[in-house]
Amino acid sequence: MSDVPESPPRSWAEVDLSALRHNLAVAGELSNQQVMAVVKASAYGHGLEAVASALEQEEVAFFGVANVGEARRLSETGVRTPIYLLGGTFPAEREEVVAHNWLPCLNTMEEAHHFDELARNRGTVVEAHLTVDTGMGRGGFLPADAPAALEAIRTLPGIKVSGLGSHLPSADEDVEFTRSQFETFDSLIESLPGRDQLKHVHLSNSAGLLGYQSRTTTLVRPGLLLYGVSPLNEHSATLRTVMTLKSRVAVIRDLPPGHGISYGRTFVTTRSTRVATIGIGYGDGYPRTLSNHTPEVFICGHRAPLLGRVTMDQVMVDLTDHPGCSPGDEVELFGPNIPVEEVASKAGTIPWEVFTSITPRVQRVYSG
Ligand SMILES: *Cc1c(COP(=O)(O)O)cnc(C)c1O
């Protein structure tokens, strides 16, 4: 029956690309540096292809991805902005990196020698950045070893080191440690021979660029703040919300006192209760760990509390105090009225994880 219209989505994520571009501009203005837009994990769940094409029209120096699978997807969209791999590569991935001119970061001499060999075999030169471990413990050369490593890698004909980066483990938690990390990093850069051959020097994620100053960096690597969330308490007001997670009211019923709601019957009504069933659950990425931490949703112009556990496909909401709502009406799970930080904190996690947990069942709908 081709004349039957397709039903509207039951759960969807509205993604405002003009808000994304606004936040990118904020990152550039606050740091006064070039920006690597971090688009790993499907652009923090916002959709890699749509986010990359929206940002490609702006001033972006690099796209930062986590691995070659993401680099491949990004290449296939035809973006021209250089693609940077934020983490180390497996040996079997490196040939593809070289063939596509993706920029790897170098974490070990073994990696450097392998890239050099692959590049020479193909008659090309790999452009790469050196990673220095100033405290993250995830990869790279220790600061004391970095000058010698850089010197050794510069003798390899298949590699051109055009940048150097490090990463911050605690920029949103530990001011004192992070300040000392900036000092370690800046002093290292200032002491390096041939420092001016490093076109790109970078250290800051979102929290780093919002809260700290470097004497040497030329590039920042924000992820979260592009998507409208500040990891620090300050600066939220200058950012615009990009994603709004929505669903609809499916069923509205009146239940008597003493009636259990959802698995485990952790909630039992104490009064006559009007209950709305909403078509979203942990199968969509709405965190099950919210259950019984009094999360609220925004429904028919009001905040209303969730009742009982989050199930795979549905949640129940107390509508007793908000008459005038009907099946089919929209519900906001997070967005401008319910900050994603609030959902993350009640779920016992962080906004990064809430965004990246939204599953493919949730349709992404773009505007702006
Ligand atoms: C993910 C990541 C970022 C972005 O971090 P945010 O806190 O989301 O801004 C920056 N740099 C590296 C190396 C990363 O892995």
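Quick note: structure is the one above.
Here the structure is a predicted model, which means the values were calculated and not measured.

**So, the pattern of salt bridges**
- Scanning the entire structure with this criterion turns up 18 salt bridges.
- Here Arg 215 makes a salt bridge to Glu 190, at a shortest N to O gap of 2.8 Å. In this pair, Arg 215 sits in the loop between α9 (206–211) and β9 (219–220) while Glu 190 sits in helix α8 (residues 175–191), placing the two residues 25 residues apart along the sequence.
- Arg 215 sits in the partly exposed class, given a relative accessible area of 47%.
- The shortest N-O distance in the salt bridge between Arg 303 and Glu 342 comes to 2.9 Å. Remark: Glu 342 occurs in helix α10 (residues 340–346) and Arg 303 occurs in strand β15 (residues 302–307); sequence separation between them is 39 residues.
- Judged by its relative accessible area of 31%, Arg 303 falls in the partly exposed class.

**Some details on the pairing of strand β2 (residues 34–38)**
- Counting buried residues in β2 gives four out of five residues, a clear majority hidden from the surface.
- Here two bridges tie β2 to β9, and the two strands are oriented parallel to one another. By the bridge assignment for β9, Val 35 is matched with Val 220.

**A word on helix α4 (residues 68–76)**
- Listing the buried residues of α4 in full gives Val 68, Glu 70, Ala 71 and Leu 74. Seen end-on, α4 carries its buried residues on one side only, within an arc spanning 155 degrees.
- Its buried side turned inward, α4 meets α2 (40–45), α3 (48–56), β3 (62–65), β4 (83–85) and α5 (94–100).
- A side-chain oxygen of the first residue of α4 lies 3.1 Å from the backbone nitrogen of Gly 69; this N-cap is Asn 67.
- After α4 finishes, the residue Gly 78 shows a positive phi value of roughly 85 degrees.

**Details of the site of the ligand**
- Lining the immediate surroundings of the ligand are 13 residues, of which Lys 40, Tyr 44, Ser 206, Gly 223 and Leu 224 lie closest.
- In this structure, Arg 138 approaches the ligand through a side-chain N or O atom, which is 3.0 Å from an oxygen atom.
- Leu 224 places a polar main-chain atom, nitrogen or oxygen, 2.8 Å from an oxygen atom of the ligand.
- Protein burial of the ligand: of its 390 Å² of free accessible surface, 92% is covered by the chains.

Cut-offs applied
- Residues numbered from 1 in each chain as written.
- Predicted model: local features only at pLDDT ≥ 70, side-chain atom pairs only at ≥ 80, totals over all residues.
- Heavy atoms only, no water.
- Salt bridge = Lys/Arg side-chain N within 4 Å of Asp/Glu carboxyl O.
- Helix = DSSP H or I, 4+ residues; strand = E, 2+ residues; numbered from the N terminus.
- Buried < 20%, exposed > 50% of the residue type's maximum accessible area, 1.4 Å probe, protein only.
- Pairing = 2+ DSSP bridges.
- Arc of directions from axis to C-beta.
- Contact = heavy atoms within 4.5 Å.
- Polar contact = N/O pair within 3.5 Å; in protein donor to acceptor, adjacent residues only side chain to side chain.
- Near = heavy atom within 4 Å.
- Areas by Shrake-Rupley, 256 points an atom, 1.4 Å probe, with all protein chains shown as cover.

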